[in-house]
There are 2 protein chains.
Amino acid sequence: MASAPSLEFWFEFGSTYSYPAAEQVERAAKEAGLALAWRPFLLGPVLKGMGINDSPFNVYPVKGRYMWRDVERLCARAGIPFRKPTVFPRNGLPAARIAILGADEPWGPDFMRGVYRANFAEDRDISDAALLADILRRSGAEDPDAVLQASNTLETKDRLRRQTEEAQARGIFGAPSFLVGEELFWGGDRLDQAIEHAKRQH
Amino acid sequence: MASAPSLEFWFEFGSTYSYPAAEQVERAAKEAGLALAWRPFLLGPVLKGMGINDSPFNVYPVKGRYMWRDVERLCARAGIPFRKPTVFPRNGLPAARIAILGADEPWGPDFMRGVYRANFAEDRDISDAALLADILRRSGAEDPDAVLQASNTLETKDRLRRQTEEAQARGIFGAPSFLVGEELFWGGDRLDQAIEHAKRQH
């Protein structure tokens, strides 16, 4: 895999548009023969660094109304279940700390997708430890409680903070984003272009 | 054509992403058997109504840097010439007043595309009357000076103002946008979905 061109998928669990992207990215990367790196980060600090303190979808209701309809349409087209969550954006911090531990684990991808489905198809509180343990279990993690505990260590918190700083440093300002080397693609609708770009790097 | 399902293309001459969309929309609508309505409006007043007083691409430099690269890539993929303009956003008001007169004229589509190319491929000042007269001439308008004069009447100014109010009233908050009935699609990358939606209305 070391020589396969790599696609980095940068995502935030509170982000609506990251949900269909998270459902599609693994298969798309596999079909293209690309190594996929799951890169969780926190969008909140990135937006705060730009002077934005709430989701633009909340700040601008006309934009929010459109976004919900657009995501509903995108999911319907892709055959992905969707239910508008009663809370938005949800706190994705605990899940992101687990995700950073799981990015290279066999249970990682199923965990990521499980959290998104809990948020955007099942309308559940993704900051709830019992729910996260349950998703870990269903994703094949051998010891969900140990993972939860490790996710709360200073070391893990620092890793997520550094990864969020890396997102900022590399020009990321929204989620989902894709990086192929330093070439940035923003939005789930740029997945195809990111993959084409990565294939040309061969 | 009265019974053909209709695709409305809402655009602003200062908008970067409207440029490749304007280059592609007519052929795409024709291939799909859709009647196309060119709907110029002013994005400035719409954004002001949301409390936004400059292009978000200027307000957030990280977003602006990405946008220019993204538009460059989009144009390259589509084989459309692109040169980053030295002024952004340019004043599209005089061109929009002409466009509202030309939306149903034989010279309309070529005029729209000519203005976009002047802005985003030739780096020219699209508020310049001599340039606009030249684009009108090259687009086949019989009496460019008469069109310019008509574009400056109170009646035309009112038509553009009302069309901009209509954009707001129908939920438009950015450009380009597509409307199929009251179903809104925002962004050039939603053109295919708008067309699919329109075809299903048959």
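Residues numbered from 1 in each chain as written. Chains lettered and ligands numbered in written order. Predicted model: local features only at pLDDT ≥ 70, side-chain atom pairs only at ≥ 80, totals over all residues. Heavy atoms only, no water.

A closer look at the pairing of strand β1 (residues 6-11) of chain A
Residue and element names in this part refer to chain A. Across the six residues of β1, five count as buried, placing the element largely inside the fold. Where β1 lies against strand β2 (residues 35-40), six bridges are found, and the strand directions are parallel. Pairing of Glu-8 across the sheet is with Ala-37, part of β2. Bridge count for β1 against strand β3 (residues 177-180) is three bridges, and the pairing is antiparallel. Pairing of Phe-9 across the sheet is with Phe-178, part of β3. (Buried < 20%, exposed > 50% of the residue type's maximum accessible area, 1.4 Å probe, protein only. Helix = DSSP H or I, 4+ residues; strand = E, 2+ residues; numbered from the N terminus. Pairing = 2+ DSSP bridges.)

Here's the deal with the sheet that holds strand β2 (residues 35-40) of chain B
Residues and elements named next belong to chain B. Read from one edge to the other, the open sheet built from four strands follows the order β2-β1-β3-β4, with strand pairing classed as mixed. If you trace the sheet from one side to the other, it starts and ends with β2 and β4 (183-186), each paired once. Within this sheet the neighbouring strands show an average axis-to-axis angle of 20°, counted without direction. Against the sheet, helix α1 (residues 18-31) touches β1 (6-11), β2 and β3 (177-180), its axis set at about 165° to β1. (Axes fitted to C-alpha atoms, helices over the stretch in contact; angles between N-to-C directions. Contact = heavy atoms within 4.5 Å.)

With respect to the sheet that holds strand β4 (residues 183-186) of chain A
All names here are of chain A. Here four strands make up an open sheet; going across it, the order is β2-β1-β3-β4 and the pairing mixed. Of all strands in the sheet, those with a lone pairing partner are β2 and β4, marking the two edges. Neighbouring strand axes in the sheet, compared pairwise and without regard to direction, differ in orientation by 20° on average. Here β3 pairs with β4 via four bridges, running antiparallel. Within β4, the residue paired with Ser-177 across the bridge is Trp-186. Strand contacts of helix α1 (residues 18-31): β1, β2 and β3, with the helix running at about 165° to β1, the strand carrying the most contacts.

Some thoughts on the pattern of salt bridges
A pair can form between side chains of opposite charge whenever their charged atoms are brought close. The full count for this structure, using the stated rule, is 40 salt bridges over all chains. Arg-190 of chain A is paired through a salt bridge with Asp-70 of chain B; the nearest N and O atoms lie 3.0 Å apart. Residue Arg-190 of chain A is located in the loop between β4 and α10 (191-200), and its partner Asp-70 of chain B is located in helix α4 (residues 61-78); the two belong to separate chains. Take Arg-190 of chain A: its relative accessible area is 4%, and that puts it in the buried class. For Arg-39 of chain B, the salt bridge identified is with Glu-8 of chain B, shortest N-O distance 3.4 Å. Of this pair, Arg-39 of chain B sits in strand β2 while Glu-8 of chain B sits in strand β1, and the two are 31 residues apart along the sequence. When its relative accessible area of 16% is taken as the criterion, Arg-39 of chain B is described as buried. Classification of Glu-8 of chain B by relative accessible area gives buried; the value is 11%. (Salt bridge = Lys/Arg side-chain N within 4 Å of Asp/Glu carboxyl O.)

Let's talk about the side chain of Ser-151 of chain A
Residues and elements named next belong to chain A. Turning to its location among the elements, Ser-151 is positioned in helix α8 (residues 144-151). On the basis of relative accessible area, Ser-151 is assigned to the buried category, the value being 3%. From its side chain, Ser-151 meets the backbone oxygen of Leu-148 in a polar contact 2.6 Å long. Excluding residues within four positions of it along the chain, Ser-151 makes contact with Arg-97, Ile-98, Leu-101 and Thr-156. (Polar contact = N/O pair within 3.5 Å; in protein donor to acceptor, adjacent residues only side chain to side chain.)

Topic: the interface of chain A and chain B
In this assembly, 22 residues from chain A lie in contact with 22 residues from chain B. Summed over both partners, the interface of chain A with chain B comes to about 2,300 Å²; 52% of that surface belongs to carbon and sulfur atoms. We note a salt bridge from Asp-189 of chain A to Arg-190 of chain B, for which the minimum N-O separation is 2.8 Å. Summed over the shared surface of chain A and chain B, the number is 14 residue pairs in polar contact (both at pLDDT 80 or more). Those elements that provide at least two residues to the side of chain A that touches chain B are α4 (61-78), β4 and α10 of chain A. Among the elements that make up the side of chain A that touches chain B, the one with the highest residue count is α4 of chain A (eight residues). (Buried area = accessible area lost by both parts, 1.4 Å probe.)

Things to note about the relation of the copies chain A and chain B
The transform that puts chain A on chain B rotates by 180° and translates by 0.0 Å along the axis, for an RMSD of 0.0 Å. What we have between these two chains is a two-fold relation. It is Asp-189 of chain A whose C-alpha, among those of chain A, lies nearest the rotation axis, at 3.7 Å. Same-surface contact between copies: 100% of interface residues of chain A are shared with the interface of chain B. (Least-squares fit on C-alpha atoms with pLDDT ≥ 70 in both.)

Digging into the layout of surface pockets
All names here are of chain A. Within this model, the second largest pocket holds a volume of roughly 440 Å³. Leu-36, Ala-37, Trp-38, Ala-103 and Asp-104 are, among the 19 residues lining the second largest pocket, the residues nearest its centre. Among the secondary structure elements, those contributing two or more residues to the lining of the second largest pocket are α1, β2 and α9 (154-169). Counting residues per element, the lining of the second largest pocket draws most heavily on β2, at six residues. Split by residue class, the lining of the second largest pocket holds eleven nonpolar, two polar and six charged. (1 Å grid on protein atoms, 1.4 Å probe; cavity = no way out; pocket = protein on both sides within 12 Å on 5 of 7 lines; lining within 4 Å. Points joined across faces, edges and corners; volume = space filled by probe spheres on them. Nonpolar A, V, L, I, M, F, W, Y, C, P; charged D, E, K, R; others polar.)

Side note on the side chain of Arg-90 of chain A
Residue and element names in this part refer to chain A. In this structure, Arg-90 sits in the loop between α4 and α5 (93-102). A distance of 2.8 Å separates a polar atom in the side chain of Arg-90 from a polar atom in the side chain of Asp-123. When residues no more than four places from it in sequence are discounted, the contact partners of Arg-90 are Gly-14, Pro-85, Asn-119, Asp-123, Arg-124, Asp-125 and Ile-126.

Observations concerning the packing of aromatic side chains
Throughout the structure, instances matching the rule amount to 38 aromatic pairs over all chains. For the ring pair Trp-68 of chain B and Phe-88 of chain B, a centre distance of 5.0 Å and an interplane angle of 80° mean the geometry is edge-to-face. Of the two residues, Trp-68 of chain B is situated in helix α4 and Phe-88 of chain B in the loop between α4 and α5 (93-102); the sequence distance between them amounts to 20 residues. As far as the burial class goes, Trp-68 of chain B and Phe-88 of chain B line up, both buried. Members of the aromatic cluster, joined through ring pairs, are Phe-9, Phe-11, Phe-13, Tyr-19, Trp-38, Trp-107, Phe-111, Tyr-116, Phe-120 and Phe-178 of chain A. (Phe/Tyr/Trp six-rings, centres within 6.5 Å; stacked < 30°, edge-to-face > 60°.)

Limitation: the analysis is restricted to geometry and does not speak to function.
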